[in-house]
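Topology and contacts: notes
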Amino acid sequence: MYEPIRTKSVHTMAGTPDFPHRSREEELDIQLAGHLAALLAVTDELRALAPSADLDTAASRLTEQVARLRGGRPPARSSVAAAIHEPHLVTLHQRAHALAGRALVVAASRADTAAAILAAERMDAHASAQAGQRELSTTG
């Protein structure tokens, strides 16, 4: 009735030895390092606009975590020069809060306690900073 298939399926990739495969843990490491590196970039921008010891400490801890996840390679850093503009600070804190939330989700899924704690602390710090910036803009 039907003739059997005589050739290998083009959709089967399992037997291909030259195809790079990563484990789920490796993929999560890459994703978490990316989120933390993005959070570090926003943190550096915030440090340039409104320097603080808390942001300096956070940048240092984020650098350590990204380097750990990337096998010792430190993240790329850039220097940011910008004028202080209050709505811009609020936007940066919102972006940092969202990035920290993404990092927290990935850190929790890979059971990385150190990264999860750092991400949660940064979420709290940026939520507080957003509230403080809003109060300044409504009273000023």
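1. Side note on the packing of helix 1 (residues 24-49) against helix 2 (residues 53-69)
Remark: helix 1 packs on helix 2, axes separated minimally by 9 Å, with the N-to-C direction vectors making an angle of 155 degrees. Relative to helix 2, helix 1 is oriented roughly antiparallel. At the point where helix 1 passes helix 2, the crossing takes the left-handed sense. Two secondary-structure elements touch here, helix 1 through Asp-29, Leu-32, Ala-33, Leu-36, Ala-37, Leu-39, Leu-40, Thr-43, Asp-44, Leu-46 and Arg-47 and helix 2 through Leu-55, Asp-56, Ala-58, Ala-59, Leu-62, Thr-63, Gln-65, Val-66 and Leu-69. Considered class by class, the residues forming the contact of helix 1 with helix 2 number 13 nonpolar, three polar and four charged.

2. A closer look at the side chain of Gln-130
Mapping Gln-130 onto the fold places it in helix 4 (residues 113-139). Since its relative accessible area comes to 9%, Gln-130 is described here as buried. Residues contacting Gln-130, with those up to four places away along its chain left out, are Val-90, His-93, Gln-94 and His-97.

3. Comments concerning the confidence of the model for the chain
Of the residues in the chain, 79% have a pLDDT of 70 or more, and the chain-wide mean is 84. No element of the chain has a lower mean pLDDT than helix 4, at 85, and none a higher one than helix 2, at 95.

4. Points about the nonpolar core
By size, the foremost hydrophobic cluster in this structure holds 28 residues, and its most contacted members are Leu-32, Leu-36, Leu-39, Val-42, Leu-46 and Leu-62. Counting residues per element, the ones that place at least two in this core are helix 1, helix 2, helix 3 (86-109) and helix 4. The dominant element in this core, judged by the number of residues it contributes, is helix 1, at ten residues. Each residue touching Leu-39, except ones within four places of it in the same chain, is listed here: Leu-62, Ala-96, Leu-99, Ala-100, Arg-122 and His-126.

5. Some details on the environment of Leu-104
In this fold, Leu-104 is placed in helix 3. By relative accessible area, which is 26% here, Leu-104 ends up partly exposed. The spatial distance from the C-alpha of Leu-104 to the C-alpha of Ala-120 is 6.4 Å, given a sequence separation of 16 residues. Residues within four places of Leu-104 in sequence aside, it is in contact with Ala-116, Ala-119, Ala-120 and Met-123.

What counts, and where the lines are drawn
- Residues numbered from 1 in each chain as written.
- Predicted model: local features only at pLDDT ≥ 70, side-chain atom pairs only at ≥ 80, totals over all residues.
- Heavy atoms only, no water.
- Axes fitted to C-alpha atoms, helices over the stretch in contact; angles between N-to-C directions.
- Helix = DSSP H or I, 4+ residues; strand = E, 2+ residues; numbered from the N terminus.
- Parallel < 35°, antiparallel > 145°, perpendicular 65-115°, else oblique.
- Left-handed = near helix turned anticlockwise from the far one by under 90°.
- Contact = heavy atoms within 4.5 Å.
- Nonpolar A, V, L, I, M, F, W, Y, C, P; charged D, E, K, R; others polar.
- Buried < 20%, exposed > 50% of the residue type's maximum accessible area, 1.4 Å probe, protein only.
- pLDDT = per-residue confidence, 0-100.
- Core = buried A, V, L, I, M, F, W, Y, C linked by side-chain atoms within 4.5 Å.

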